[in-house]
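Fold and contact review
Here's the letter readout for the chains.
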Amino acid sequence: MSAMVTRDLRLENRRLLDEDLEERRIVPRSLPATVRFETTSICRFACLHCFKRRDSDDGVTMPMALWNRMAEELLPHVDVVQLGFGGEPLHDPHLEDRLSVFGDGAPRLDILTSGVDLAAWATRLAPLVSRLTVSVECLDADLYPMVRRGADVRSVLRGVEEFRAVAEGLPEERRPRLGFRVTLFGGNHSLLPSLVARLAQLGADEIRLVHGVALEENDQDLQIVPRRMDLAVALQRAVLQGRLEGVPVHYPNLSPGPIWPETARTFPADGNLPEVAPWARATIGPDGGISVCCGQDRLAEAVTVPLTDEGFRAAWTSAPLQEVRARAGRIPACGFCPDAEDRHG
C-alpha cells in the first residue's frame, strides 16, 4: 500500500474520530488513533518498581500471525503505534520481523524500553521510531543493579550514546525524540534535580516522572504529610532544573496510586485517562486481548475484549466497550500511566 493511500486513510480515520468524539458515539465508525502493543511480556529483569515483577524469560509473546493480522487491519489507519509495557520489547524474539512493517507510509512508532539492550538495536531503531523512551530510575553504577536487578547502567548509557549518534546522522525531519521515564520510589525523589541534569546531558527531549510506590494514607503513617511535602518540593525542583536545562519535565499529582495487582483496587486513582481514551487509544495484549488501558489486568474499570476471527473492529465496537463509552465517569489511571491527565510541568 503506497504512502499516499495510507496518508489518505489516516486523514479519513482522523476525521471520523473527531466526529465520533464530538457525538460521543458508543459504536465508533473510526479506529483508535493510537494503538499500544504488548508484543511480549518477557523481561529478564526483576525491577523493584515493576508491577509485573518478572525476572525470567517466561512469558507470553504475540504470535506473528496475530501481529500480521493486526498490522494489516490497523496500521494503514492509525497515527501512532507504541511498543512496550509490562514486558521489554527488545526481548521480543520476533522484534526484527515486526519492525519490517514500519517503512514509508507507516504510522509513527514509539518504543518504551529499559535501554539495557539498546546498543544492539540502536542502528535498526533510530531511523524507524519517532520517539524512544528509556525507563531509568538512577544512573549510579552501584545502585542501578539493585533497582533493575541483573542490569548494568553502563550498558544503558552506551545504548543511549549509540542511539543518539545514529539519530544525529539522520535528516532533521526524521530524527526521533529521545525521552526518559523516571519511576519515583523509595528515596530516589531526593536525587531528581541531579538526575534531570544528567539526563539532559544525555540528550533528553523530555522527561516524564511516574509513581512507583503508593503513598499509603492511614492513621498509623505519621510521616505521610512530611513525605508529601518532600516529594512536592522534589518535583518542583526537578521541573526548575529541567527549565534550566531546556528540557520539559512532566509529573503526576501526589494522590496515592494503585501499583501492585493485588492492591490496585484499594487505592484512589493517581489520575484519569483522558476523556477521549475509549475512542482514541487501544491496547492489544500478547494474546490479542483489547482494552483502552494497559492496566487491564489490574483496574476493574478497564474492560478487556478478546479478539475473534471477526477482527479488531468487531471487538472495538462490541458491547463491553460500548458500555465503557456510555459511562459518565472516566477510567482511573494507575501510577505508571504515561497517558494520565492531571500531569504538570
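What counts as what
- Residues numbered from 1 in each chain as written.
- Predicted model: local features only at pLDDT ≥ 70, side-chain atom pairs only at ≥ 80, totals over all residues.
- Heavy atoms only, no water.
- Helix = DSSP H or I, 4+ residues; strand = E, 2+ residues; numbered from the N terminus.
- Buried < 20%, exposed > 50% of the residue type's maximum accessible area, 1.4 Å probe, protein only.
- Contact = heavy atoms within 4.5 Å.
- Axes fitted to C-alpha atoms, helices over the stretch in contact; angles between N-to-C directions.
- Parallel < 35°, antiparallel > 145°, perpendicular 65-115°, else oblique.
- Left-handed = near helix turned anticlockwise from the far one by under 90°.
- Salt bridge = Lys/Arg side-chain N within 4 Å of Asp/Glu carboxyl O.
- pLDDT = per-residue confidence, 0-100.
- Arc of directions from axis to C-beta.

Now for the overall build of the protein. A tally of regular secondary structure across the protein gives eleven helices and 13 strands. Evaluated residue by residue, the protein yields a buried proportion of 53% over its 345 residues. In the protein, the share of contacts with a sequence separation of at least 24, taken over all contacts with a separation of at least 6, comes to 70%.

Now for the packing of helix 4 (residues 118-125) against helix 6 (residues 153-168). At a minimum axis separation of 8 Å, helix 4 and helix 6 run at an interaxial angle of 15°. Of the possible angle classes, the one that applies to helix 4 and helix 6 is roughly parallel. As for the relative orientation of helix 4 and helix 6, their crossing is right-handed in sense. Within the contact between the two elements, helix 4 uses Leu118, Ala119, Ala122, Thr123 and Leu125 and helix 6 uses Arg158, Gly159, Val160, Glu162, Phe163 and Val166.

The final tally for this structure, using the stated rule, is 17 salt bridges. Across the pair Arg29 and Asp20 runs a salt bridge whose closest N-O atoms are separated by 3.5 Å. Exposure remark for Arg29: the relative accessible area of 33% places this residue in the partly exposed category. For Glu168, the salt bridge goes to Arg164, with nearest N and O atoms at 3.2 Å. In this pair, Glu168 and Arg164 are both assigned in helix 6, four residues apart and thus about one turn of the helix distant. The partly exposed category is assigned to Glu168, whose relative accessible area is 49%. A cluster of three or more residues bridged by salt bridges with shared partners is formed by Glu12, Arg15, Glu19, Asp20, Glu23, Arg25 and Arg29.

Predicted confidence across the protein gives a mean pLDDT of 83, with 78% of residues reaching 70 or more. Across residues 214-224, confidence stays below pLDDT 50; counting only partners more than four residues off in sequence or on other chains, it has 17 contacts. Low confidence marks residues 256-269, where pLDDT is under 50. Its contacts with residues over four positions away, or in another chain, come to 49 contacts.

This part takes up the side chain of Thr34. Looking at the secondary structure, you find Thr34 in strand 1 (residues 34-37). If we ignore the near neighbours within four places in the chain, the residues touching Thr34 are Val80, Gln82, Ala280, Arg281 and Ala282.

Residues separated by three or four positions in an α-helix point in the same direction, a consequence of the helix having 3.6 residues per turn. Met64, Leu66, Trp67, Met70, Ala71 and Leu74 are the residues of helix 2 (residues 64-74) that are buried. When helix 2 is viewed along its axis, its buried side chains cluster within an angular range of 155° and face the same direction. Exposed positions of helix 2 whose direction lies more than 90 degrees from the buried face are Ala65 and Glu72. Tucked into the core, helix 2 has its buried residues touching strand 1, strand 3 (80-83), helix 3 (95-99), strand 11 (281-284) and helix 10 (312-316).

Here the focus is the environment of Val249. Structurally, Val249 can be placed in strand 9 (residues 249-250). Taking the C-alpha atoms as reference points, Val249 and Glu206, separated by 43 residues in sequence, lie 6.2 Å from one another.

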